[in-house]
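# Architecture and fold: a report
Each chain, written out:
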Amino acid sequence: MPKAEDIPICDVRRRGEGDLGDCLQVLADVHKVDGYPVNWPERPADWLAGPAQLAAWVAELDRQIVGHVALAPAGAHDVAPALWSSRAGTAVADTAVLSRLFVSPSARGHGIGGLLMSQATREARERGLHPVLDVVASDSAAAALYEQLGWSLLAVVDQRWTPDQTVKVHCYAAA
(Lines give C-alpha, C1' and ligand atoms only; values in the text may rest on other atoms or scores of the structure.)
Protein backbone atom coordinates (compact mmCIF):
# COMPACT_ATOMS: atom_id res chain seq x y z
CA MET A 1 0.00 0.00 0.00
CA PRO A 2 1.47 3.40 -0.96
CA LYS A 3 2.30 5.84 1.77
CA ALA A 4 0.41 9.15 1.86
CA GLU A 5 3.58 11.03 0.94
CA ASP A 6 3.96 8.86 -2.19
CA ILE A 7 0.53 9.80 -3.60
CA PRO A 8 0.84 12.82 -5.89
CA ILE A 9 -1.32 15.82 -5.06
CA CYS A 10 -3.49 17.08 -7.88
CA ASP A 11 -4.99 20.57 -7.83
CA VAL A 12 -7.84 21.67 -10.09
CA ARG A 13 -8.19 25.40 -10.70
CA ARG A 14 -9.69 27.80 -13.21
CA ARG A 15 -7.72 28.02 -16.43
CA GLY A 16 -5.94 31.34 -16.86
CA GLU A 17 -4.81 33.04 -20.06
CA GLY A 18 -1.21 32.15 -19.23
CA ASP A 19 -2.10 28.44 -19.14
CA LEU A 20 -2.95 28.01 -22.82
CA GLY A 21 0.58 27.21 -23.99
CA ASP A 22 0.98 24.40 -21.46
CA CYS A 23 -2.54 23.13 -22.20
CA LEU A 24 -1.77 23.00 -25.91
CA GLN A 25 1.41 21.00 -25.28
CA VAL A 26 -0.55 18.47 -23.23
CA LEU A 27 -3.23 18.39 -25.94
CA ALA A 28 -0.56 17.70 -28.58
CA ASP A 29 0.73 14.79 -26.47
CA VAL A 30 -2.81 13.43 -26.09
CA HIS A 31 -3.42 13.76 -29.83
CA LYS A 32 -0.21 11.88 -30.60
CA VAL A 33 -1.09 8.99 -28.24
CA ASP A 34 -4.91 8.86 -28.44
CA GLY A 35 -5.89 10.74 -31.58
CA TYR A 36 -7.90 13.32 -29.60
CA PRO A 37 -9.10 15.55 -31.00
CA VAL A 38 -9.93 13.42 -34.05
CA ASN A 39 -9.27 16.38 -36.35
CA TRP A 40 -6.38 18.53 -35.20
CA PRO A 41 -7.73 22.10 -35.26
CA GLU A 42 -6.31 24.66 -37.64
CA ARG A 43 -6.11 27.11 -34.72
CA PRO A 44 -5.67 24.96 -31.59
CA ALA A 45 -5.75 27.86 -29.09
CA ASP A 46 -9.09 29.06 -30.48
CA TRP A 47 -10.45 25.50 -30.41
CA LEU A 48 -9.35 25.02 -26.81
CA ALA A 49 -10.48 28.38 -25.45
CA GLY A 50 -13.46 29.32 -27.59
CA PRO A 51 -15.31 32.50 -26.65
CA ALA A 52 -18.58 30.66 -25.90
CA GLN A 53 -17.16 28.75 -22.93
CA LEU A 54 -18.79 29.32 -19.57
CA ALA A 55 -15.63 28.26 -17.71
CA ALA A 56 -12.56 26.04 -18.02
CA TRP A 57 -10.23 24.35 -15.56
CA VAL A 58 -6.79 22.81 -15.52
CA ALA A 59 -5.40 20.04 -13.36
CA GLU A 60 -1.90 20.39 -11.98
CA LEU A 61 0.26 17.59 -10.71
CA ASP A 62 3.51 18.70 -9.06
CA ARG A 63 2.78 22.23 -10.35
CA GLN A 64 2.65 21.05 -13.99
CA ILE A 65 -0.54 21.25 -16.05
CA VAL A 66 -1.61 17.70 -16.86
CA GLY A 67 -5.30 18.04 -17.69
CA HIS A 68 -8.08 20.28 -18.90
CA VAL A 69 -11.88 20.49 -19.14
CA ALA A 70 -14.31 23.18 -20.30
CA LEU A 71 -17.99 23.86 -19.83
CA ALA A 72 -20.00 25.47 -22.63
CA PRO A 73 -23.58 26.27 -23.49
CA ALA A 74 -25.27 23.95 -25.98
CA GLY A 75 -24.25 24.72 -29.55
CA ALA A 76 -26.43 24.51 -32.62
CA HIS A 77 -24.89 21.18 -33.69
CA ASP A 78 -24.60 19.52 -30.26
CA VAL A 79 -26.70 16.36 -30.13
CA ALA A 80 -26.46 15.46 -26.42
CA PRO A 81 -28.28 18.59 -25.16
CA ALA A 82 -31.21 17.96 -27.51
CA LEU A 83 -31.40 14.31 -26.46
CA TRP A 84 -31.35 15.20 -22.77
CA SER A 85 -33.86 18.03 -23.05
CA SER A 86 -36.24 15.82 -25.02
CA ARG A 87 -35.97 13.05 -22.43
CA ALA A 88 -36.22 15.37 -19.41
CA GLY A 89 -38.85 17.70 -20.84
CA THR A 90 -36.63 20.75 -20.43
CA ALA A 91 -35.18 23.38 -22.75
CA VAL A 92 -31.87 22.80 -24.50
CA ALA A 93 -30.73 26.03 -22.84
CA ASP A 94 -31.00 24.21 -19.50
CA THR A 95 -27.99 22.04 -20.36
CA ALA A 96 -24.25 22.63 -20.33
CA VAL A 97 -21.77 20.67 -22.42
CA LEU A 98 -18.58 19.30 -20.87
CA SER A 99 -15.91 19.47 -23.53
CA ARG A 100 -12.18 19.68 -24.21
CA LEU A 101 -11.51 17.06 -21.53
CA PHE A 102 -8.06 15.52 -21.69
CA VAL A 103 -5.37 14.24 -19.35
CA SER A 104 -1.70 13.85 -20.19
CA PRO A 105 -0.80 10.24 -20.97
CA SER A 106 2.03 10.47 -18.42
CA ALA A 107 -0.34 11.54 -15.62
CA ARG A 108 -3.10 8.99 -15.99
CA GLY A 109 -4.12 6.66 -13.20
CA HIS A 110 -4.40 9.37 -10.53
CA GLY A 111 -8.11 10.13 -10.92
CA ILE A 112 -7.46 13.43 -12.69
CA GLY A 113 -10.17 12.94 -15.32
CA GLY A 114 -12.71 12.32 -12.57
CA LEU A 115 -11.58 15.41 -10.65
CA LEU A 116 -11.92 17.59 -13.74
CA MET A 117 -15.35 16.17 -14.54
CA SER A 118 -16.50 16.69 -10.95
CA GLN A 119 -15.46 20.34 -11.06
CA ALA A 120 -17.24 21.01 -14.36
CA THR A 121 -20.34 19.10 -13.24
CA ARG A 122 -20.48 21.05 -9.98
CA GLU A 123 -20.23 24.35 -11.86
CA ALA A 124 -22.99 23.34 -14.29
CA ARG A 125 -25.30 22.42 -11.41
CA GLU A 126 -24.50 25.68 -9.57
CA ARG A 127 -25.66 27.49 -12.73
CA GLY A 128 -28.87 25.45 -12.78
CA LEU A 129 -27.76 23.51 -15.86
CA HIS A 130 -27.73 19.77 -16.49
CA PRO A 131 -24.31 18.51 -17.71
CA VAL A 132 -24.11 16.47 -20.91
CA LEU A 133 -21.32 15.45 -23.26
CA ASP A 134 -20.50 13.40 -26.29
CA VAL A 135 -17.50 11.29 -27.17
CA VAL A 136 -16.43 9.52 -30.33
CA ALA A 137 -17.43 5.87 -30.20
CA SER A 138 -13.83 4.73 -30.66
CA ASP A 139 -12.76 6.35 -27.36
CA SER A 140 -13.72 3.44 -25.14
CA ALA A 141 -11.49 4.61 -22.25
CA ALA A 142 -13.37 7.90 -22.00
CA ALA A 143 -16.75 6.14 -22.22
CA ALA A 144 -15.66 3.78 -19.43
CA LEU A 145 -14.73 6.77 -17.23
CA TYR A 146 -18.10 8.46 -17.80
CA GLU A 147 -19.98 5.29 -16.99
CA GLN A 148 -17.83 4.65 -13.90
CA LEU A 149 -18.74 8.16 -12.72
CA GLY A 150 -22.44 7.39 -13.11
CA TRP A 151 -23.18 9.14 -16.38
CA SER A 152 -25.99 7.62 -18.49
CA LEU A 153 -25.66 6.78 -22.16
CA LEU A 154 -28.45 8.66 -23.96
CA ALA A 155 -27.83 7.35 -27.48
CA VAL A 156 -25.26 6.43 -30.07
CA VAL A 157 -25.65 8.64 -33.14
CA ASP A 158 -23.94 9.42 -36.40
CA GLN A 159 -22.89 13.05 -36.40
CA ARG A 160 -21.84 14.90 -39.56
CA TRP A 161 -18.76 16.96 -38.78
CA THR A 162 -17.97 17.99 -42.36
CA PRO A 163 -19.53 17.23 -45.73
CA ASP A 164 -17.03 14.37 -46.05
CA GLN A 165 -16.91 13.15 -42.44
CA THR A 166 -19.56 11.43 -40.36
CA VAL A 167 -18.53 10.21 -36.92
CA LYS A 168 -20.33 7.85 -34.54
CA VAL A 169 -20.61 9.47 -31.10
CA HIS A 170 -21.90 8.34 -27.72
CA CYS A 171 -24.03 10.98 -25.99
CA TYR A 172 -24.06 11.02 -22.17
CA ALA A 173 -25.85 12.90 -19.40
CA ALA A 174 -24.85 13.24 -15.78
CA ALA A 175 -27.01 11.37 -13.27
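For the structure, see preceding data.
The model shown is predicted, which means the values in this text are computed figures rather than measured ones.

### A short note on helix H1 (residues 20-34)
- Counted at 1.5 Å a residue, the expected span for H1 with its 15 residues is 21 Å, and the 20 Å between its end C-alpha atoms agrees.
- Those residues of H1 that sit buried are Leu20, Cys23, Leu24, Val26, Leu27 and Val30. Buried residues of H1 fall within an arc of 165 degrees about the axis and therefore sit on the same side. Projecting away from the buried face of H1 at angles above 90 degrees are the exposed residues Gly21, Lys32 and Val33.

### Describing helix H5 (residues 140-148)
- Taken together, the buried positions of H5 are Ala142, Ala143 and Tyr146. Looking down the long axis of H5, one finds its buried residues gathered within 100 degrees of arc, a one-sided arrangement. Turned more than 90 degrees away from the buried face of H5, the exposed residues are Ser140, Ala141 and Gln148.
- Close packing links the buried residues of H5 with strand S4 (95-103), helix H4 (112-126), strand S5 (130-136) and strand S7 (165-173).

### A word on unusual backbone geometry
- A cis geometry characterises the amide bond from Tyr36 onward to Pro37, with omega recorded as -5 degrees.
- Here Pro37 is to be found in the loop between H1 and helix H2 (44-48).
- Even without being a glycine, Asp62 presents a positive backbone phi close to 55 degrees.
- With respect to the element layout, Asp62 can be found in the loop between strand S2 (55-61) and strand S3 (64-73).
- Taking the relative accessible area as the measure of exposure, Asp62 reaches 62% and is therefore exposed.
- Positive phi values are uncommon outside glycine, yet Arg100 reaches one of about 55 degrees.
- With respect to the helices and strands, Arg100 occurs in strand S4.
- In this structure Arg100 comes out as partly exposed when scored by relative accessible area, which is 23%.

### Description of the nonpolar core
- Within the largest apolar cluster, 27 residues are counted, with the highest numbers of intra-cluster contacts made by Ile112, Leu116, Tyr146 and Trp151.
- Elements with a minimum of two residues in this core: S2, S3, S4, H4, S5 and H5.
- Here Leu116 is in contact with Val12, Trp57, Val58, Ala59, Gly67, His68, Val69, Leu101, Phe102 and Val103, once residues within four sequence places are set aside.

### Some words on the pattern of salt bridges
- A complete count under the given rule lists 7 salt bridges for this structure.
- When the shortest N-O distance is used, the salt bridge between Arg13 and Asp19 registers 2.7 Å.
- Assessed through its relative accessible area of 29%, Arg13 is described here as partly exposed.
- Glu123 is paired through a salt bridge with Arg14; the nearest N and O atoms lie 3.1 Å apart. Residue Glu123 is located in helix H4, and its partner Arg14 is located in strand S1 (residues 10-14); the two are separated by 109 residues in the primary sequence.
- The class for Glu123 is buried, based on a relative accessible area of 10%.
- Linked by salt bridges that have partners in common, Arg13, Asp19 and Glu60 make up one network.

### Side note on the pairing of S3
- Buried residues dominate S3, accounting for 8 of its 10 residues.
- By the bridge criterion, 7 bridges tie S2 to S3 in an arrangement that is antiparallel. Considered in S3, the bridge of Leu61 is made with Gln64.
- Remark: 2 residues form the turn of the hairpin made by S2 and S3, two consecutive strands paired antiparallel; Asp62 in that turn has positive phi of roughly 55 degrees.

The rules behind these values
- Residues numbered from 1 in each chain as written.
- Predicted model: local features only at pLDDT ≥ 70, side-chain atom pairs only at ≥ 80, totals over all residues.
- Heavy atoms only, no water.
- Helix = DSSP H or I, 4+ residues; strand = E, 2+ residues; numbered from the N terminus.
- Expected span 1.5 Å × (residues − 1).
- Buried < 20%, exposed > 50% of the residue type's maximum accessible area, 1.4 Å probe, protein only.
- Arc of directions from axis to C-beta.
- Contact = heavy atoms within 4.5 Å.
- Core = buried A, V, L, I, M, F, W, Y, C linked by side-chain atoms within 4.5 Å.
- Salt bridge = Lys/Arg side-chain N within 4 Å of Asp/Glu carboxyl O.
- Pairing = 2+ DSSP bridges.

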